[in-house]
Amino acid sequence: MKYRDFGSLDWKVSALGFGAMRLPTIGGKPSKIDEPEAIKMIRHAIDHGVNYVDTAYVYHGGESEGLVGKALRGGYRERVRVATKMPTWLVKSQNDMSKFLKVQLGRLKLDFVDFYLLHGLTGSRWESLQKLEVCKWAEKKIHEGKIMHFGFSFHDEFSVFKDIVDSYDGWTFCQIQYNYMDPDYQAGTRGLKYAASKGLAVVIME
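In what follows, the accompanying structure is described. On a predicted model such as this, the values are computed, not experimentally measured, just so you know. (Residues numbered from 1 in each chain as written. Predicted model: local features only at pLDDT ≥ 70, side-chain atom pairs only at ≥ 80, totals over all residues. Heavy atoms only, no water.)

1. A word on the overall build of the protein
Along the backbone of the protein there are seven helices and nine strands. Whereas a compact globule of 206 residues would reach a radius of gyration of roughly 17 Å, the protein reaches 16 Å, a difference of no more than 12%. Counting across all 206 residues of the protein, residues that qualify as buried make up 48%. For the protein, the share of sequence-separated contacts (at least 6 apart) that also reach a separation of at least 24 residues comes to 71%. As displayed, the protein offers around 10500 Å² of accessible surface, 50% of which is attributable to carbon and sulfur atoms. Across the protein, the centroid of the 29 positively charged side chains sits 4 Å from that of the 25 negatively charged ones. (Helix = DSSP H or I, 4+ residues; strand = E, 2+ residues; numbered from the N terminus. Rg over C-alpha atoms; globule rule 2.2 N^0.38 Å. Buried < 20%, exposed > 50% of the residue type's maximum accessible area, 1.4 Å probe, protein only. Contact = heavy atoms within 4.5 Å. Areas by Shrake-Rupley, 256 points an atom, 1.4 Å probe, with all protein chains shown as cover. Lys, Arg positive; Asp, Glu negative; His and termini not counted. Charge placed at Lys NZ, Arg CZ, Asp CG, Glu CD.)

Written out as structure tokens, the structure is:
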């Protein structure tokens with residue numbers, strides 16, 4: 001496995017991470033994960049050098065985080081850093097933010113999560129979260145030791161991406177859609193380079 005710097009952190013991330021959004025299922029039902037096969041896949045990845053595992057509150061109908069928690073038992077947790085995401089479209093208050101994080105840590109069987117993202121930011125969603133002072137909430141949770149690092153995933157235009165990056169100095173990382181077929185889509189190459197210039201790690205999806 002090859003490893004890369006992760007933004008300004010003193011940590012090397014595997015060039016490939018493991019995303020738990022499309023795990024094997026039974027009967028074509030997203031919420032019915034084939035647990036033995038999924039656990040085998042995650043552990044195989046970790047055994048071969050993957051040290052970044054990504055999930056979210058809503059993946060697999062809410063079942064992904066629990067599956068990841070099971071896969072990381074038996075010494076696997078100590079070998080990886082875990083990322084999960086706040087379901088931002090369901091948040092109406094800071095109490096909601098705390099409620100979701102508590103549920104997520106319970107599913108994952110973790111005392112803290114290494115990387116916590118605001119899921120699927122758009123311009124309007126970010127505006128709503130700013131009114132709820134989400135960054136102050138995150139700083140409190142970091143102080144409490146429930147979140148180690150704070151970031152966001154993104155689905156909008158470059159100008160919106162730039163505004164979000166510039167709106168808060170506490171970002172550690174971001175996650176963008178980026179591939180060889182769509183280098184200018186959404187944040188695109190400009191966004192990737194802009195985030196890197198600000199010291200943010202960039203995680204790629206899609």
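2. So, the pattern of salt bridges
Counted according to the given criterion, the structure contains twelve salt bridges. In this structure, Glu 133 and Lys 136 form a salt bridge, with 3.4 Å as the shortest nitrogen-oxygen distance. Overall, Lys 136 belongs to the exposed group, its relative accessible area being 53%. Taking the shortest distance from any N to any O, the salt bridge between Glu 144 and Lys 141 comes out at 3.2 Å. Residue Glu 144 and its partner Lys 141 are located together in helix H5 (residues 134–144), separated by three residues, close to a single helical turn. Of the residues examined, Glu 144 reaches a relative accessible area of 39% and is grouped as partly exposed. Owing to a relative accessible area of 13%, Lys 141 belongs among the buried residues under this scheme. Members of the salt-bridge network, linked through shared partners, are Lys 162, Asp 166 and Lys 198. (Salt bridge = Lys/Arg side-chain N within 4 Å of Asp/Glu carboxyl O.)

3. A short note on the side chain of Thr 172
Mapped onto the secondary structure, Thr 172 falls in the loop between helix H6 (158–167) and strand E8 (173–177). Accessibility expressed as a relative area gives 12% for Thr 172, which makes it buried. Discounting residues that sit within four places of it in the chain, Thr 172 has contacts with Leu 9, His 149, Phe 150, Gly 199, Leu 200 and Ala 201.

4. Some words on the pairing of strand E5 (residues 81–86)
Where burial is concerned, most of E5 is hidden: five out of the six residues are buried. Judged from the three bridges that link them, strand E4 (residues 52–54) and E5 form a sheet pairing that is parallel. Note on E5: the bridge partner recorded for Asp 54 is Ala 83. Running through helix H2 (residues 64–71), the crossover from E4 to the neighbouring parallel element E5 is right-handed. Two elements, E5 and strand E6 (residues 113–121), share four bridges in a ladder whose sense is parallel. Counterpart to Ala 83 in the pairing with E6 is Phe 115. (Pairing = 2+ DSSP bridges. Right-handed = clockwise from strand over helix to strand, strands pointing away.)

5. Quick word on H2
At 3.6 residues per turn, the α-helix brings residues three or four places apart onto the same side. The element H2 is largely enclosed, with a buried count of six among its eight residues. Of the surrounding elements, those touching the buried residues of H2 are helix H1 (35–47), E4, E5 and helix H3 (94–108).

6. Describing the packing of helix H4 (residues 123–131) against H6
Two elements in contact, H4 and H6, have axes whose closest approach is 10 Å; the angle formed by their N-to-C orientations is 20 degrees. Compared by their axis directions, H4 and H6 come out roughly parallel. Our pair here, H4 against H6, has a crossing hand that is left-handed. Of H6, the residues touching H4 (which contributes Gly 123, Trp 126 and Gln 130) are Val 160, Asp 163, Ile 164 and Ser 167. Of the residues assigned to the contact of H4 with H6, the class counts are three nonpolar, three polar and one charged. (Axes fitted to C-alpha atoms, helices over the stretch in contact; angles between N-to-C directions. Parallel < 35°, antiparallel > 145°, perpendicular 65-115°, else oblique. Left-handed = near helix turned anticlockwise from the far one by under 90°. Nonpolar A, V, L, I, M, F, W, Y, C, P; charged D, E, K, R; others polar.)

7. Here we look at the sheet that holds E8
Spatially, E3-E4-E5-E6-E7-E8-E9 is the arrangement adopted by the seven strands of the open sheet, whose pairing is parallel. Edge positions in the sheet fall to strand E3 (18–19) and strand E9 (201–205), since each of these pairs with one other strand and no more. In terms of strand pairing, strand E7 (residues 147–154) meets E8 through three bridges, oriented parallel. Each residue of the ladder has a partner; that of Gly 151, found in E8, is Phe 173. The strands touched by H5 within the sheet are E5, E6 and E7, with E7 carrying the most contacts at an inclination of about 150 degrees.

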